[in-house]
Amino acid sequence: MAERARGIALSALLIAVAVALRARDFGNPVIHVDEQFYLLVGDRMRHGALPYVDIWDRKPVGLFLIFAAIRMLPGEGILAYQLVATLFAAATAWLIAQAGRRLGAGSSGAVVAAVAYLLWLSLLSGRGGQSPVFYNLFVAGAGLLTLRLPGLAARRDRRGIVVNGAVACLLAGLAIQTKYTPVVEGAFFGLAHSWYLRRAGGGWPVMVGAALLWAILGIAPTAIVVADYWRRGPAFFQAFWFANFASVALRKGYPAAKIAARLAGTTTQLLPFIVMAVMAWRARPRCPEILLAFGWLAAALIAFAMIGAFFDHYALPLMVPLTIVAAPVLGRYRAAMLATLGWGVLLLAFHVATEPDDRVAARAVARAMAANSGRECPYVFAGDAILYHLADACLPTAYAFPSTLAYSPEQGATGIDEAAEVRRVMARRPPVVVTMDHPLAPWNRDSQAVMTAALARDYRLLLSAPRGRDHWLVFLRRDRRPAR
């Protein structure tokens, strides 16, 4: 009973901390451009839209299904996805505390590691519903199960290892269907189970059978999606395959200076955990769980480096193994605990002081779109896809994520002529066009040229609203009167 009470108390504490850290953003529709688009896709899926065909992106269907399920909750979906993401974050933190205990951390170190995970989510653009906020829960569950392997092998519990691996690989498969990069961690978990199954005395027939079972379970969620698109016909399968796999290799890289700046910023924010990881490695006892945790961390680092863009939220998956590895150090050294939490609070204060809150302006832009569009489709050329959702507007193109057509990194990576698609949209004379005075990434110059000419010829500025340091610009077609 005492253990159960402690578990309930820890759960309540972590939920309270998660809510306290994230409440300032509850109801904010423009926390990050990514998650608002996931909500838009999830909402349109409820009305029959098919990802990659009716609305285009590269993320796996599983992520959009999470948001589609969230849209079944009451309301417009914005507060709902943020509350669900908060519960996912708290649950992941709870698993981190359990994993920290498996590495030998005391109660204080495990709890502080869990709280640090929640704090650093907010520092690395994970304060809303970025994909790792969801799939980290699956990876953390799989990782915690993997840390059980030394004990299972010591008892020569081969059946336990096979079942343990089946659950871990299925969880990894769910993570992969939320974003593809966890395939690296999933592969590590599978290999670790194979290693310990052999150490527990598993013969080669058992090893091969178990590995096949684990691989099938890890692939199963994605295989189900592949089969569904295959069933729909060649055109649907081709759209799925190109968006999910082929198009990734076609994206342009970012300038080296920008990559270096991103890595420097992320490294600065992760500095306490880097130091504690070094301390944990140098002081490690002969503990196989520690070695497994570092193997997991190495796999997460490979996944972090795979895409190469190095946005700060790409480091969110690192926070799970980093905080677990740090838990024993946090419990052993009070100075490490105080320094880590102090650094986190200082960074949080900086973020709160410098991050704009554009929710009022976003809703003003959406109202202008809704009031002036009638039954026609407005067009968000640059800015935020959530404006379509807030305005309850139809989409003029399947490429509704603005950066797809407007920005240079996507030029030539979508499978279409982006400027031709912008030309097609503008030829239909959308009643309202939204763009930015300064782009969030370098312009696709061909698309920008089409837009600039069309706006100069057929539109007039209706509204300018702040978006961070820049502005949304709302243009109304010249033959329409502004709605009052």
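Caption draft 1: Spotlight on the overall build of the chain. Looking only at helices and strands, the chain features 20 helices and 4 strands. Within the chain, the proportion of its 484 residues that are buried is 57%. Within the chain, residue pairs in contact and separated by at least 24 positions form 76% of the contacts whose partners lie at least 6 positions apart. When the accessible area of the chain is evaluated, it comes to approximately 20,800 Å², of which 65% is carbon and sulfur surface. Charge centroids of the chain, computed over 49 positive and 28 negative side chains, lie 7 Å from each other.

Caption draft 2: A look at unusual backbone geometry. Of note, the phi angle at F310 is positive, near 60°, even though the residue is not glycine. Take F310: it is sitting in the loop between α13 (288-307) and α14 (319-332). A positive phi is found at R429, a non-glycine position, where the angle reads about 55°. Residue classification places R429 among the partly exposed residues on the basis of a relative accessible area of 33%.

Caption draft 3: Layout of the nonpolar core. Ranked by size, the top nonpolar core spans 171 residues in total, and within it F37, L118, W120, Y379, V434 and W472 carry the most contacts. With 13 residues, helix α4 (residues 78-102) is the largest single contributor of residues to this core.

Caption draft 4: Geometry of helix α5 (residues 107-123). Over its 17 residues, α5 runs 25 Å from end to end, which matches the ideal 24 Å to within 8%, given 1.5 Å per residue. Of all the 17 residues making up α5, 14 are buried; the element is thus mostly covered by neighbouring parts of the structure.

Caption draft 5: Expanded view of the state of the cysteines. Inspection of every chain in the model, using the stated rule, returns 1 disulfide. A disulfide bridge connects C377 with C394, and the sulfur atoms are separated by 1.9 Å. Looking along the S-S bond of the C377-C394 disulfide, the torsion reads about -125°, which is the left-handed sense. A residue pair is termed long-range when its members are at least 10 positions apart, and C377 in the loop between α16 (359-373) and β1 (379-380) and C394 in the loop between α17 (386-390) and α18 (402-406) qualify at 17 residues.

Caption draft 6: Region of interest: the pairing of strand β4 (residues 470-477). Counting buried positions over the 8 residues of β4 gives 7, a clear majority of the element. Bridge count between strand β2 (residues 432-436) and β4: 5 bridges; the pairing is antiparallel. Across the sheet, the residue bridging to M436 is W472, located in β4. The sheet contact formed by strand β3 (residues 459-467) and β4 spans 8 bridges and is antiparallel. Paired with P466 across the two strands is H471, which belongs to β4. The turn joining β3 and β4, which pair antiparallel and follow one another in sequence, is formed by 2 residues; a positive phi near 65° is taken by G468.

Caption draft 7: A look at the layout of surface pockets. By volume, the second largest pocket is sized at about 320 Å³. Around the second largest pocket, the lining is made up of 18 residues, and of these I176, V183, A187, G218 and I219 lie nearest the centre. Breaking the lining of the second largest pocket down by element, the ones donating at least two residues are α8 (158-176), α9 (183-199) and α10 (204-232). Its residues assigned to classes, the lining of the second largest pocket comprises 12 nonpolar, 6 polar and no charged.

Caption draft 8: Layout of a nonpolar patch on the surface. Taken together, the side chains of L271, I274, V275, V278, M279 and Y333 make up a nonpolar region of the molecular surface, amounting to roughly 480 Å² of accessible area. For I274, the location among the structural elements is in helix α12 (residues 256-282). Assessed through its relative accessible area of 36%, I274 is described here as partly exposed.

What counts, and at which threshold
- Residues numbered from 1 in each chain as written.
- Predicted model: local features only at pLDDT ≥ 70, side-chain atom pairs only at ≥ 80, totals over all residues.
- Heavy atoms only, no water.
- Helix = DSSP H or I, 4+ residues; strand = E, 2+ residues; numbered from the N terminus.
- Buried < 20%, exposed > 50% of the residue type's maximum accessible area, 1.4 Å probe, protein only.
- Contact = heavy atoms within 4.5 Å.
- Areas by Shrake-Rupley, 256 points an atom, 1.4 Å probe, with all protein chains shown as cover.
- Lys, Arg positive; Asp, Glu negative; His and termini not counted.
- Charge placed at Lys NZ, Arg CZ, Asp CG, Glu CD.
- Core = buried A, V, L, I, M, F, W, Y, C linked by side-chain atoms within 4.5 Å.
- Expected span 1.5 Å × (residues − 1).
- Disulfide = S-S within 2.5 Å.
- Pairing = 2+ DSSP bridges.
- 1 Å grid on protein atoms, 1.4 Å probe; cavity = no way out; pocket = protein on both sides within 12 Å on 5 of 7 lines; lining within 4 Å.
- Points joined across faces, edges and corners; volume = space filled by probe spheres on them.
- Nonpolar A, V, L, I, M, F, W, Y, C, P; charged D, E, K, R; others polar.
- Patch = residues over 30% accessible without salt bridge, like charges linked within 9 Å, V, L, I, M, F, W, Y side chains within 5 Å.
- Salt bridge = Lys/Arg side-chain N within 4 Å of Asp/Glu carboxyl O.

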